[in-house]
Amino acid sequence: MPQYMNEDRFISIEGIARRYPKAGGGETTIFDDLWFSMNRGEFSAIIGHSGCGKTTVLNILAGLELPDEGVAVVDGRAIEGPSLDRAVIFQSHALLPWRTVLGNVAFAVSSRWPDWSADKVRDQAMACIEKVGLKGSELKKPAELSGGMKQRVGIARALSIEPKILLMDEPFSALDALTRGTLQDEVRRICLETGQTAFMITHDVDEAIYLADKIVLMTNGPGAMVAEIVDNPLPRNRGRIDLHKQPDYYALRNHLIDFLVTRSRSFKDEIPETYSKRHPPIVRPTASTSSATDSTLSAA
Amino acid sequence: MSSNLTLRAGVLSFVLFALFIAAWHIATRQIGAVANMDPEYAKLMGLTATTGKSAMPGPFDVAAKIWEHLKNPFYDRGPNDKGLGIQLAYSVGRVMLGYFIAVCVAIPTGFVIGMSPLMNKALNPFIQLMKPISPLAWMPLALYTIKDSAVSAIFVIFICSLWPMLINTAFGVASVRKEWLNVARTLEVRPLRKAFTVILPAAAPTILTGMRISIGIAWLVIVAAEMLVGGTGIGYFVWNEWNNLSIVNVIISILVIGLVGMLLDQALARVARFVTYPD
Ligand SMILES: Nc1ncnc2c1ncn2[C@@H]1O[C@H](COP(=O)(O)OP(=O)(O)OP(=O)(O)O)[C@@H](O)[C@H]1O
Ligand SMILES: [Mg+2]
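As the structure is a computational prediction, the values presented were derived from the model and not from experiment.

Concerning the packing of helix 5 (residues 84-115) of chain B against helix 8 (residues 149-174) of chain B
Residue and element names in this part refer to chain B. The contact between helix 5 and helix 8 brings their axes to 7 Å, and the two run at 30°. The angle between the axes of helix 5 and helix 8 places the two elements in the roughly parallel class. Our pair here, helix 5 against helix 8, has a crossing hand that is right-handed. Each residue belonging to the contact of helix 5 with helix 8 can be placed in one class, and the counts come to 22 nonpolar, 6 polar and 1 charged.

Here is the structure:
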């Protein structure tokens, strides 16, 4: 068994299922018997095609939805509802439009620490606004901000409550490439500096490679499964600009793209005999293994 | 550009107004004495017939009377002769009181209905039934049970202002964006704080639209209600002046009713601008 000697299973998803009633009667199973875990201080990403149930998994982790079966456990306790320990960065940023940037962040801070004085709340909120580079815009309303700035406020709001876990639902997908890159750098820096445990949904393979230590591959729904868990072989001090110069980069990238292009669809029909839903295989694609296992796509 | 447009619109408004006054003046001007009438008969017929003066007052008659009212709006010479200002104050006071009570009832109730799908479903048939009832239809019942005409008028204002505010509040509260509620949920915001810091500001523009509709209806209804109950108020004043055949005063009342209605609406529009948020 590879890599996970020091597994602490800080977050553990244990056999969760989610079903919706079908229009003509009966039920659609979005996924069932889903298992995977994440460690403290680890950055995990989940990739999979649209509609496979990624947001549902994240909502269950956030406590906004409850699974129909199974449990999600954080730090030894089953999730029963939303908690200030788990901050969510929403895809649609979800800022309160009648509040200023400072007002939005301060709302979170005063929810986290209700007995703090107004000054203390303000200081904490300002510190987070500065951290995401929005100093000077704190008195603007969300409508006066660009998409990237709004997403920054969302990040500042999530960080301001000093959560144990940061949950992100495609936080950068609506942004242009340049802004996305800068924000990825900022999120990575903040997460590394503070040892933040984070879980992120993404459609962007390069984003997953750059940010995540562990990438969960989810097959197409209905009846989605965790096909495997990819352990990122790239060094921890990787940079975004020279990512592609890392020796294992293409092996990893090809592996992920191969999954999205073909295996996410075909996995169901050719499940390996050793596959177990409870212990999805852990894979570490490196330059040396790539020729043997994933040579379907050549390096672009 | 836009200031230019405002200027042009202003000029046009003024021209239209001047044309209207001119047309009014021409239509009501003296046509000259009617000749050769038996003096006894002429006396009987009054000025209208003898001098050819129109029964309809002209703009200058009205203007002169307005000036008279403006000079002394608050005189009180007994129950049938009070200044226009006093009458208006009575009407506005009744509207404010009935409306205020309606706000106090409609907004909390609307909140409950909007937050609870159960209450929404349970109360909906009643609201749908009560809403189309003309507020004046309540008047006999109010007079019978309350036995006080002034309070009955306030009750009628209350009942007519209630529905638009109730329905709009419930709708505004029920349609607060799910993502904002999810923000509040992930921040573990307590219900009361959530109501005041998320739901109320989110629903405020819809609630204010309801409040604006209500004040408009209340002002429409007070005139009719006061015609029925009598005593004081601008509605009673109109009816009384009609009985006195003082068409000048009737026209002035119409003007003043429009003016006050507009001011009430504008005041709420101002508040609405204050709570509206760009999205
Ligand atoms: N309220 C609902 N009723 C019925 N089906 C639903 C409901 N909400 C979600 N679903 C279904 O659940 C599935 C998973 O939805 P989910 O939002 O988790 O997908 P996703 O992986 O996040 O997709 P995307 O990448 O497009 O965001 C979808 O197929 C969707 O049709
Ligand atoms: Mg989604």
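Re the site of ligand 1
Residue and element names in this part refer to chain A. As a structural note, the neighbourhood of ligand 1 is formed by Tyr20, Ile30, Ser50, Gly51, Cys52, Gly53, Lys54, Thr55, Thr56, Glu170 and His203. The contact in question runs from a nitrogen atom of ligand 1 to an N or O atom on the side chain of Tyr20, over 3.3 Å. Within the side chain of Ser50, an N or O atom sits 2.4 Å from an oxygen atom of ligand 1. Protein contact buries 58% of the 640 Å² of open area that ligand 1 shows by itself. Here the shell around ligand 1 takes 3 residues from helix 1 (residues 54-62), the largest share from any one element. Its residues placed into classes, the shell around ligand 1 shows 3 nonpolar, 6 polar and 2 charged.

A word on the packing of aromatic side chains
One pass over the structure, following the stated rule, counts 10 aromatic pairs over all chains. Centroid distance A:Tyr249 to A:Tyr250: 4.9 Å. Interplanar angle 75°. Geometry classified as edge-to-face. Residue classification places A:Tyr249 among the buried residues on the basis of a relative accessible area of 6%. When the centroid spacing of 6.3 Å and the interplanar angle of 40° are considered together, the rings of B:Phe155 and B:Phe158 count as tilted.

Regarding the pattern of salt bridges
Enumeration over the complete set of coordinates arrives at 20 salt bridges over all chains. The closest approach of N and O atoms between A:Arg238 and A:Asp213, which form a salt bridge, is 3.9 Å. Placement of A:Arg238 in the loop between strand 10 (226-231) and helix 7 (249-266) and of A:Asp213 in the loop between helix 6 (205-211) and strand 9 (214-218) is noted, with a sequence separation of 25 residues between them. Residues B:Arg212 and B:Asp265 are paired through a salt bridge, measuring 3.1 Å at the closest nitrogen-oxygen approach. Pair noted here: B:Arg212 is in helix 10 (residues 191-229) and B:Asp265 is in helix 12 (residues 247-275), with a separation of 53 residues, a long-range link. A relative accessible area of 24% places B:Asp265 in the partly exposed class.

The rules behind each value
Residues numbered from 1 in each chain as written. Chains lettered and ligands numbered in written order. Predicted model: local features only at pLDDT ≥ 70, side-chain atom pairs only at ≥ 80, totals over all residues. Heavy atoms only, no water. Axes fitted to C-alpha atoms, helices over the stretch in contact; angles between N-to-C directions. Helix = DSSP H or I, 4+ residues; strand = E, 2+ residues; numbered from the N terminus. Parallel < 35°, antiparallel > 145°, perpendicular 65-115°, else oblique. Left-handed = near helix turned anticlockwise from the far one by under 90°. Nonpolar A, V, L, I, M, F, W, Y, C, P; charged D, E, K, R; others polar. Near = heavy atom within 4 Å. Polar contact = N/O pair within 3.5 Å; in protein donor to acceptor, adjacent residues only side chain to side chain. Areas by Shrake-Rupley, 256 points an atom, 1.4 Å probe, with all protein chains shown as cover. Phe/Tyr/Trp six-rings, centres within 6.5 Å; stacked < 30°, edge-to-face > 60°. Buried < 20%, exposed > 50% of the residue type's maximum accessible area, 1.4 Å probe, protein only. Salt bridge = Lys/Arg side-chain N within 4 Å of Asp/Glu carboxyl O.

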